[in-house]
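For reference, the chains in residue letters:
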Amino acid sequence: MALRYDNRVAIVTGAGGGLGRTYALELAKRGCKVVVNDLGGDRHGSAGSTSMADKVVGEIKAAGGQAVANYNSVEEGEKIVKTAIDAFGRVDIVINNAGILRDTSFINMKEVDWDLIFKVHVKGAYSVTKAAWPYMKDQKYGRVVTTSSNAAVYGNFGQVNYSAAKHALIGFSKSLAIEGAKYNILSNTVIPTAGSRLTQTFMIDALKPEYVTPLVLYMVHENFPETGGLFEAGAQWYGHLQYYRGEGKVLENATVETIHDNWKAVSSMDKPKHVASISEQSAMLMEMLGELDAKK
Ligand code: NAD
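The rules we used
Residues numbered from 1 in each chain as written. Predicted model: local features only at pLDDT ≥ 70, side-chain atom pairs only at ≥ 80, totals over all residues. Heavy atoms only, no water. Pairing = 2+ DSSP bridges. Helix = DSSP H or I, 4+ residues; strand = E, 2+ residues; numbered from the N terminus. Axes fitted to C-alpha atoms, helices over the stretch in contact; angles between N-to-C directions. Buried < 20%, exposed > 50% of the residue type's maximum accessible area, 1.4 Å probe, protein only. Polar contact = N/O pair within 3.5 Å; in protein donor to acceptor, adjacent residues only side chain to side chain. Contact = heavy atoms within 4.5 Å. Phe/Tyr/Trp six-rings, centres within 6.5 Å; stacked < 30°, edge-to-face > 60°. Parallel < 35°, antiparallel > 145°, perpendicular 65-115°, else oblique. Left-handed = near helix turned anticlockwise from the far one by under 90°. Nonpolar A, V, L, I, M, F, W, Y, C, P; charged D, E, K, R; others polar.

Peer 1: Hey, could you run me through the sheet that holds strand S5 (residues 142–147) in this one?
Peer 2: Note on sheets: strands pair through backbone hydrogen bonds, and any given pair is parallel or antiparallel. The sheet built from eight strands is open, its strands ordered S3-S2-S1-S4-S5-S6-S7-S8 with mixed pairing. Strand pairing shows two members of the sheet lacking a second neighbour, strand S3 (66–70) and strand S8 (237–240), which therefore form its edges. Strand-to-strand, the axes of this sheet are offset by a mean angle of 20°, without reference to chain direction. Judged from the six bridges that link them, S5 and strand S6 (residues 185–193) form a sheet pairing that is parallel.

Listed below in structure tokens is the structure:
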């Protein structure tokens, strides 16, 4: 059975090239009406032109699909959502994809390198999602996918700004999932690996952006069964990423020496456990407190 997006309206940010372009093309091919947002700057966030978004809209129309271009920066989410409402009357899907890099070692990082990365990635995702949210809430339907990075999870040399912003987006997406649950708004995060303009300096052609597309398309489909999740795609591999915590140890009235003496047990990951929610985490803490109480 083909998965379709008929009567759905999607906003794909940064869809003038790279990964975003492939999402926009595939969504349109499957019946979705698409707002192709791209301010057309270079990969460091400078300059701007309308040609990148126009080109993708041209490709979609030539293939018989429906799309409109939007040239605003993602920091201006209301204008991007207005484009969707004016052209198609609703918004069902937001793919927070636009991004830039300002790689430099921490010692050489300028405030502008930090600020620009947070503006485009974090403020951008906030701004577009915030403007779309009331429409999704009213129609009791929404699919939000936000783009993180392996640099967020593992860290990376020269990317203190980028990895911090991309990790912020994991928290953003998880909390949105909790707030969106009762309105049938699902929010998930993708970690892509693809050869594109952002990675051209060190990635190879085998990492086609098109290999990421099927996962992201499924994540914004009405049948997608998850929310608050973190999923990876790259080099034709697809998977699920979760946080695990070690068993740890209760140490009553601990001192720094007690922590030192018990470090093996405190830091052990021999019995990893996935904690699914903040309420599960609180319940585990309460259980521990109960055990301590019982000892008294
Ligand atoms: P890309 O440079 O090809 O595409 C990013 C697009 O975003 C560009 O077309 C650019 O013009 C647009 N853009 C930049 N700033 C914008 C703004 N303020 N408003 C609107 N559009 C803007 O890069 P890509 O590799 O396709 O990256 C897409 C996303 O995936 C980014 O968020 C990136 O951080 C993330 N990502 C990519 C990889 C990878 O391996 N390619 C890995 C991890 C994360």
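Structure's up, so let's keep going.
Peer 1: Just to check I follow, could you spell out unusual backbone geometry for this structure?
Peer 2: Note: most peptide bonds trans; most residues except glycine with negative phi. The phi angle at glutamine 236 is positive, at roughly 70°, despite the residue not being glycine. Tracing the backbone shows glutamine 236 in the loop between strand S7 (230–234) and S8. You can call glutamine 236 exposed: its relative accessible area is 52%.

Peer 1: What exactly am I supposed to notice about the side chain of aspartate 38 here?
Peer 2: Relative to the assigned elements, aspartate 38 resides in the loop between strand S2 (33–37) and helix H2 (51–62). A distance of 3.4 Å separates a polar side-chain atom of aspartate 38 from the backbone nitrogen of alanine 15. Discounting chain neighbours no more than four positions away, the residues touching aspartate 38 are Gly14, Ala15, Gly16, Gly17, Ser49, Met52, Ala53, Asn70 and Tyr71.

Peer 1: In this structure, what is going on with the packing of aromatic side chains? I would like to understand it.
Peer 2: For any pair of aromatic rings, the description rests on two quantities: the centre-to-centre distance and the angle between the ring planes. Tallying each qualifying case throughout the model produces three aromatic pairs. With a centroid separation of 5.1 Å and 90° between ring planes, the pair formed by tyrosine 218 and phenylalanine 224 is classed as edge-to-face. Overall, phenylalanine 224 belongs to the buried group, its relative accessible area being 7%. With 5.8 Å between their ring centres and 85° between their planes, phenylalanine 224 and phenylalanine 231 make a pair best called edge-to-face.

Peer 1: Would you take a moment to explain the packing of helix H1 (residues 18–29) against H2 for this structure?
Peer 2: Geometry of a packed helix pair, given as the angle between the helix axes and the separation of the axes. Viewed as axis vectors pointing N to C, H1 and H2 meet at an angle of 25°, and their least axial separation amounts to 10 Å. Relative to H2, H1 is oriented roughly parallel. The chirality of how H1 crosses H2 is right-handed. For the pair H1 and H2, the contacting residues are Arg21, Ala24, Leu25 and Ala28 in the first and Val56, Glu59 and Ile60 in the second. Of the residues contributing to the contact of H1 with H2, the split by class is five nonpolar, no polar and two charged.

Geometry only, nothing functional implied.
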